[in-house]
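Read off the chains here:
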Amino acid sequence: ACKGQSSSSQTGIVCRITRPAILVLNQETTQMIQKAFQRATYPDIKGERVILFLGKVNYGLYNIQISNLSIFSSQAELKKDKSIDIAIQNVSVIFKGTLQYDYNGRWLLEVHRSVDFEIDASLDLQINTQLNCNAGRVQADTSDCSLSFHKLLLRLHGEKQPGWIEKLFTDFISFTLKLILKGQVCKEISVLANIMANFVQDKAANFLTDGDIGVDISLTRTPVIKGSYLESHHKGFLTYKNQSSSFQDSTYTPNLLGDSRMLYFWFSDKVLSSLAKAAFLDKRLMLTLTGDEFKALLENKGLDTTQGILQKIFQISSISDSQVVVQSLTAPLITCTLEGTVVKSSVSVEIQLLHQDQAPTVAFSFEESQESIQDFLKILTTMVGMPVIISRLEPALTTLLNSKGLDLFDIINPEVLTKQGYLVLQMDFGFPQHLLQDFLQTII
Ligand SMILES: CCc1cc(Oc2ccnc(N(Cc3cccc(OC(F)(F)C(F)F)c3)C[C@@H](O)C(F)(F)F)n2)ccc1Cl
């Protein structure tokens, strides 16, 4: 998936992240950079130089470790059709280690010295991240990563050291050290960026999976970066029992979404319909009410159970040993319109009598074909059926999404808008402080 331009007729879901969201996510940048510096390893720096009056000197900086790190500020901005540019100012880091050097002194006396040092560095980082598509997954490319140093000072512990060391450090060692720092830190940034991209991809796929029902969120094109937003385009195809089904003609165009809210999700209603179809195939679209529940529902909707057809239903048996089974007979068809979401499905309602020692028997069954009770069915459906279904569906979906960790996210003022052929979710979010911390702890 993804090579070359979009086969946008295959796009079922679009995720848009706008500049306000980038600013919130940028607050997490410093933690990521700190993690990159901590993960980086700093190899020993060895060399030999001929020093005036001393002859050949062998030196080495060993066991270079970070002893502390602070980051002043960072900015992130979206560069149209190019990258997400992250600038980090005033990273100040102190390295500790041991400097060892030896040379042949006067009268061929061998001199071996080992002295602890601190290197005090302060630098800026510039990371221009490109988002690519690799086998249908988002890939972050942070190879355009540069460090610029304001300060790089060597401090030696113990008694006053000879001046030539300072010069050696300034003229040679610091050059090598800058190269090592750039190479190691930028490598770790790239590793972390791709760990994050994989985490989001896998977590997103998990969000959209329950049992045998899943959504194929492979990218259908390289993520798009504009001045005020970035967005990813996903197939949105249904996978049910590991079989994938596709659909055509989704009509996504960028002007369907705004850029004032932090997060937008565009869903073609074909995605919703295929999910409803999977739920139907998975025998999830059925509801069983006890006779008492059913009666109470009718009564608190003001229906008189002592008249007409209801009277017939409730007189035949002691209501407590009966149940009402409501189920879809066909896969529901979901379409989105300006007025709202329309669900078309034929449904059967059966009133069954429960018996001690045998399977329930059907006392009444309603299907939309019966003329005589058409009006009654209409009333029953709108006044009782729909509210009951919705009142069961909401907690079920909430439980499902919370079981995936949605409740970890601080979602602000979410809105659901339906238009002809698609549905838009738009929201702001607060990034939960601990979420990234907990995640970074899991990365060694
Ligand atoms: C769960 C949201 C979602 C993610 C999808 O798939 C992917 C895959 C890779 N990246 C993304 N991005 C969008 C996005 C926005 C908000 C949260 C989110 O994931 C998550 F945080 F909720 C969790 F799953 F980790 C993913 C990012 C993509 O847009 C970008 F920026 F990389 F280009 N989405 C497809 C549909 C839906 Cl509804």
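To be clear, the structure that these remarks concern was listed above.
In short, a report on the structure. Keep in mind it's a predicted model, so treat the numbers as computed, not measured. (Residues numbered from 1 in each chain as written. Predicted model: local features only at pLDDT ≥ 70, side-chain atom pairs only at ≥ 80, totals over all residues. Heavy atoms only, no water.)

1. As for the overall build of the chain
Note the following rule: Note on conventions: DSSP H or I runs of at least 4 residues are helices, E runs of at least 2 residues are strands, and numbering of each starts at the N terminus. Exposure classes here rest on a 1.4 Å probe applied to the protein chains alone. A residue is buried below 20% of its type maximum, exposed above 50%, and partly exposed in between. The Shrake-Rupley method, run with a 1.4 Å probe sphere, supplies the accessible areas, and residue values consider only the shown protein chains as cover.
From N to C terminus, the chain includes eight helices and 21 strands. Taken along its principal axes, the extent of the C-alpha atoms in the chain is 120 × 50 × 35 Å. The buried share of the chain, reckoned over its 444 residues, is 43%. Accessible area of the chain: about 23,600 Å², with a carbon and sulfur share of 56%.

2. Focus on the sheet that holds strand β3 (residues 55–79)
Across a sheet, strands are paired by hydrogen bonds formed along the backbone, either parallel or antiparallel in direction. Condition: Pairing between strands requires that DSSP locate at least two bridges from one strand to the other. To get an axis, a line is fitted to the C-alpha atoms, and for a helix only the part in contact is used. The angle between two axes follows their N-to-C directions and goes from 0 to 180 degrees. Pairs of residues are marked as contacts when any of their non-hydrogen atoms sit within 4.5 Å.
Across the sheet, five strands lie side by side as β2-β3-β4-β5-β6; this open sheet has antiparallel pairing. What marks the edges here is a single partner per strand, and that holds for β2 (45–51) and β6 (137–156). Taking each pair of neighbouring strands and ignoring which way they run, the sheet shows an average axis angle of 30°. Across 19 bridges, strand β4 (residues 83–104) lies against strand β5 (residues 110–134) in antiparallel orientation. Within β5, the position partnered with Ala-87 by the bridge is Gln-126. Contacts from helix α3 (residues 163–207) reach β2, β3, β4, β5 and β6 within the one sheet, and its direction differs from that of β6 by about 155°.

3. Focus on the site of the ligand
Using the following cut-off: Any residue with at least one heavy atom within 4 Å of a molecule or strand is counted as near it. Any N or O atom pair separated by 3.5 Å or less is treated as a polar contact, with the protein-specific requirement of one donor-capable and one acceptor-capable atom, and with residues adjacent in sequence counted only for side-chain atom pairs. Three categories are distinguished: nonpolar for Ala, Val, Leu, Ile, Met, Phe, Trp, Tyr, Cys and Pro, charged for Asp, Glu, Lys and Arg, and polar for the others, with Gly belonging to the last.
If you check the shell around the ligand, you find 19 residues, and the closest are Gln-201, Ala-204, Leu-230, Ser-232 and His-234. Between the ligand and Ser-232, the relevant distance is 2.7 Å, taken from an oxygen atom to a side-chain nitrogen or oxygen of the residue. Protein chains bury 87% of the 690 Å² of accessible surface belonging to the ligand in isolation. Those elements that place two or more of their residues in the shell around the ligand are β1 (13–18), α3, β10 (229–234) and β13 (263–268). A per-element tally of the shell around the ligand places α3 first, with five residues. Taken together, the residues that form the shell around the ligand break down as 15 nonpolar, three polar and one charged.

4. Focus: the packing of helix α2 (residues 29–39) against helix α8 (residues 433–442)
Quick reminder of the rule: Angles are sorted into four bins: roughly parallel if under 35 degrees, roughly antiparallel if over 145, roughly perpendicular if 65 to 115, and oblique for all others. By convention the crossing between two helices is left-handed if the near helix lies anticlockwise of the far one by an angle smaller than a right angle, and right-handed if it lies clockwise.
Running from N to C, α2 and α8 point in directions that differ by 15°, and their axes come no closer than 10 Å. The angle between α2 and α8 places the two elements in the roughly parallel class. Crossing of α2 over α8 shows right-handed handedness. In this structure, α2 contributes Gln-31, Met-32 and Lys-35 to the contact, and α8 contributes Gln-433, Leu-436, Gln-437 and Leu-440. Partitioning the contact of α2 with α8 into residue classes produces three nonpolar, three polar and one charged.

5. Considering the side chain of Asp-216
Tracing the sequence through the fold places Asp-216 in strand β8 (residues 213–216). Relative accessible area serves as the criterion here: at 17%, Asp-216 is assigned to the buried category. In this structure the side chain of Asp-216 is engaged in a polar contact, spanning 2.4 Å, whose partner is the side chain of Ser-218. Ignoring anything within four residues of it in the chain, the contact list for Asp-216 reads Lys-235, Gly-236, Phe-237 and Thr-239.

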